[in-house]
Every structure is written in C-alpha cells, then in structure tokens.
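# Close look at the chain arrangement
For reference, the chains in residue letters:
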Amino acid sequence: MSGTMVSTRDRVRAAASGPSAAPPRRRGLLRARRRAGLLMVAPAVLHALIWIGIPLVAAIVLSFTSYDVLTPPRFIGLENFRDLLSDNVFRRAVLNTSIYTFFTVPVAMGIALLIALMLNTQLAGRAIFRTAIFIPQVTATIAVALVWLWIYDPRSGLANAILSFLGLDGPAWLSSTDWAMPAVIVVGIWQGIGLKMLIYLAALQSLPTELYEAASVDGASKFRQFFSLTLPLLRPATFFVFVTSVIGAFQSFDQVYILTDGGPANSTTMMTYEIYKSAFREFRMGYACAQSLVLFALLLFLTLLNRRITGGDRATR
C-alpha cells in the first residue's frame, strides 16, 4: 500500500513539475510549438493594437481636450463630459438608440430563431429560402436604405400603396415624429434577421440528435423538447447573437443617415449619428471622443449585464 502511495505521489509531482521535468527533446518541441503559436497570433495582435488599441487610447486622451483638427488639442479636463450631461440632443440620441435596440434585437432574434427552426426541417427549397433571407445582411446598408426610402415614400411608395389598397390612409412615414422611429426599427429588424438566422441554424444542426430521440421515447412533445432541450442547448448561440446584435444596434448609422438624417426634430437621431455630427460637421473632435467613450461604456455595461443574467460565462465554455 505504501509503495502504491509513493508511486502515485511521484507521478503527481512529475505532472505538476510541468515541461521542466520533460526530456530535452520534448521541451524543445514545446518551445517550438509555443513560438509557432505566437507567430500565428502576432498579425491579429498587431492589427488589434494598431487599429483598436492606439485609436482607443487616442480617443481617451482627446476626450479631455478641445480639438477642432485645425489647431492643436487644448486640455480642458472634464468639460466635455459636463457638456454631455446638459446636452439634450445627445440625451435624446441615447434614448432613441435604447428604444431602437430594445425593439430590433429581441424581435429579430425571435423571428430568426423561428425561421431557423423551419429551415432545420426537411423543407423543400431550403437553400433558396436561406439565401433569400440572408441577402439583406450582405447587401450594402446604403442600398437597402435607398430601397426602403422608396417603400416609405408617401406618394408612390409600396407601403402606402398597400394601405391604400386596404382602404387606409398611409402616413408620411419618414417626416412624421410619430412614425419615423417605427419605420427605422422595421428596417433594422428586416436587415438583421439573416445573420441571426444563419447562426441559429448552424447551432441547431450541431445539436446531439440522441437527446431528442431519448426525449421522444420518453413521450416528450415537440413543444416540451423545444423548451427543455433546444433553448438550453442554444444558450451559447443566443448569448453570442444577443451581444453582437446589441453592439450592432448601438452602432447603427447608415440607415438613419439615408432615411431621416436624424429627423424629424431629432426623433430618430442615434448616438453614432450624433458622434458623426460632432466630429465631421461641427469639428468638435474632443467632444465626439467623449461621446464615443459613453457609447463604449454603455456597450460594455450591457455586455457584462447580459453575461451575468444569462450565465454567458458558463454558456461559452
């Protein structure tokens, strides 16, 4: 018994000692693999450092300055952030962005999951439907916005033509403070379904079929299987889709720029649009950097909150 305990203890010590206890040839192989791994990730790290790290640091520094591009930055401390607190237009932009995200993300996710469930069956022409649903995702947002600009045209647009056929009077969609935001939300939902559907479909096709076979043998209905098996197993995909969708919704710009230009009366202005206006129309680069940091802080907070609520740290393992 004591000999067995000693040998076990020796094996534990040998395992804990790591690569240093390995033969020289094995240590050399481990070092070569480590160097190869570092070389493989070096381009991505360099790219992130140049195009993400340096601009982020620059934005943080410039947010404490008054900078108009033409003259050198002038340090003003927290004045930009104090101005943000009293900026009614930016507060409206934060509210509009939150409303846009609140409606577009869950609705698009629900529709995408429903379509993915349908396409995961033996449906005739699945490839055609999948392509048709995904096309808006890879189409330039400006082109999509131009099409919807025609659809929402109050005189010759498709939306009011359909309402007129039904005997209803269509509103001036994009020039009405009541209808402009719902119109933009519909465009966001329509364009965002494709990628979410594709992610959900890939996740559904990777689920273990033996679990569903066992559930069927036990007499579980399709409804019960969906809530007891499918939804829990889709948690990693749902977490990924939610986080990326929230980030995308908070960064929406193109459709607002083309459809409404933030109007009417700032009813559709978004945070990214206000950042664009501050930076490239008013040339208040320091103020725009402060607005960008607020946007970054909101996205970070929402991501961590969702991770805490949905257990994303367990879901992604």
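Shown above is the structure to which this text applies.
Everything numeric in this text was worked out from a predicted model, so none of it was measured.

Right, let's talk about the nonpolar core for a bit. Residues Tyr100, Trp148, Tyr152, Met197, Tyr200, Leu259 and Met270 are the most contacted members of the largest nonpolar core, which totals 56 residues. Apart from residues no more than four positions distant in its own chain, Tyr152 is found in contact with Ala159, Trp173, Leu174, Ala183, Val186 and Val187.

This brings us to a nonpolar patch on the surface. Among the surface-exposed residues, Val147, Trp150, Leu158, Ile162, Phe165, Leu166 and Leu168 lie close enough to one another that they form a single nonpolar patch of about 770 Å² accessible area. For the nonpolar patch, the secondary-structure elements that each account for two or more residues are helix 6 (141-151) and helix 7 (158-165). Among the elements that take part in the nonpolar patch, helix 7 stands out by supplying three residues, more than any other. As for its placement among the helices and strands, Leu158 is situated in helix 7.

All chains considered together, the criterion is met by three salt bridges. Measuring nitrogen to oxygen at the nearest pair gives 3.2 Å for the salt bridge that ties Lys277 to Glu274. Of this pair, Lys277 and Glu274 both sit in helix 13 (residues 271-280), separated by three residues, roughly a single helical turn. Comparing Lys277 with Glu274 shows no difference in burial state: the two are buried. Close ionic contact of Glu282 with Arg284 constitutes a salt bridge, the shortest N to O distance being 3.7 Å.

Considering the arrangement of structural elements, one finds Asp87 in the loop between helix 3 (79-85) and helix 4 (88-119). Although Asp87 is buried, it forms no salt bridge, and the closest oppositely charged side chain is Arg284 at an N-O distance of 5.6 Å. Reaching out from Asp87, the side chain makes a polar contact with the side chain of Tyr287 at a distance of 2.5 Å. Beyond its immediate sequence surroundings of up to four residues, Asp87 is in contact with Tyr287 and Gln291.

So, about the packing of aromatic side chains. On inspection of all chains with the given rule, the structure shows 14 aromatic pairs. Both rings, one in Phe226 and one in Phe227, keep their centres 5.0 Å apart while their planes meet at 85°; by these two values the pair is edge-to-face. Note on Phe227: relative accessible area 45%, which makes it partly exposed. Ring geometry for Tyr276 and Phe280: centres 6.1 Å apart, planes at 40°, overall tilted. Highlighted residues: Tyr276 and Phe280, both in helix 13, separated by four residues, approximately one helical turn. The exposed category is assigned to Phe280, whose relative accessible area is 55%. Cluster of aromatic residues (ring-pair linked, three or more members): Trp148, Tyr152, Trp173, Trp179 and Trp190. A cation over a ring is seen here: Arg284 above Tyr287, with NZ or CZ 4.1 Å from the ring centre.

On to empty space enclosed by the protein. This structure, assessed with the given rule, holds one cavity of 30 Å³ or more. Considered as a void within the structure, the largest cavity measures approximately 40 Å³ in volume. Around the largest cavity, the lining residues are Phe242, Val243, Val246, Ile247, Leu299, Leu302, Thr303 and Asn306. Put simply, the parts of the chain that give the lining of the largest cavity at least two residues each are helix 11 (235-250) and helix 14 (285-310). Among the residues forming the lining of the largest cavity, the class breakdown is six nonpolar, two polar and no charged.

This paragraph deals with the side chain of Asn160. By the element assignment, Asn160 lies in helix 7. If we ignore the near neighbours within four places in the chain, the residues touching Asn160 are Asp153, Pro154, Gly170, Pro171 and Trp173.

Calculation notes
- Think of each chain on its own: its residues are numbered from 1, step by step along the sequence as written.
- For a predicted model such as this one, the threshold for reporting local features is a pLDDT of at least 70, and the threshold for listing and counting side-chain atom pairs is 80 or more; totals across whole chains, interfaces and linings nevertheless cover every residue.
- Side-chain numbers here rest on the full set of heavy atoms in the structure, without hydrogens or water.
- Buried residues of nine kinds, namely Ala, Val, Leu, Ile, Met, Phe, Trp, Tyr and Cys, make up a nonpolar core once their side-chain atoms join them within 4.5 Å.
- Exposed residues in this analysis have more than 50% of their type's maximum accessible area, buried residues have under 20%, and partly exposed residues fall in between, with area computed by a 1.4 Å probe over protein chains only.
- The contact criterion used throughout is that any non-hydrogen atoms of two residues lie within 4.5 Å.
- Each patch is built from residues that are more than 30% exposed by relative accessible area and take part in no salt bridge. Like charges join if they lie within 9 Å; nonpolar side chains (Val, Leu, Ile, Met, Phe, Trp, Tyr) join within 5 Å.
- Working definition of accessibility: Shrake-Rupley area with a 1.4 Å probe, residue cover restricted to the visible protein chains.
- A pairing counts as a salt bridge when a side-chain nitrogen of Lys or Arg comes within 4 Å of a carboxyl oxygen of Asp or Glu.
- The helix and strand labels rest on DSSP assignments: H or I over at least four residues marks a helix, E over at least two residues marks a strand, and numbering proceeds from the N terminus.
- Residues counted as positive are Lys and Arg, residues counted as negative are Asp and Glu, and His and the chain ends are not counted.
- Whenever two N or O atoms come within 3.5 Å, that pair is a polar contact, provided that in protein one can donate a hydrogen and the other can accept it, and provided that, for residues adjacent in sequence, both atoms are side-chain atoms.
- Between the rings of Phe, Tyr and Trp (Trp by its six-membered ring), a pair exists once the centres lie within 6.5 Å; its type follows the angle of the planes, with under 30 degrees stacked, over 60 edge-to-face, and the other angles tilted.
- Only lysine NZ and arginine CZ atoms are considered, and such an atom sits over a ring when it is within 6 Å of the ring centre and within 35 degrees of the ring normal.
- Both cavities and pockets are sets of points on a 1 Å grid over the protein atoms alone; in a cavity a 1.4 Å probe fits but cannot get out, in a pocket the set is open with protein on both sides within 12 Å along at least five of seven lines, and lining residues sit with an atom within 4 Å of a point.
- Grid points are joined across faces, edges and corners, and a volume is the space filled by probe spheres set on the points.
- For this scheme, ten residues count as nonpolar: Ala, Val, Leu, Ile, Met, Phe, Trp, Tyr, Cys and Pro. Four count as charged, namely Asp, Glu, Lys and Arg, and the remainder, Gly too, count as polar.

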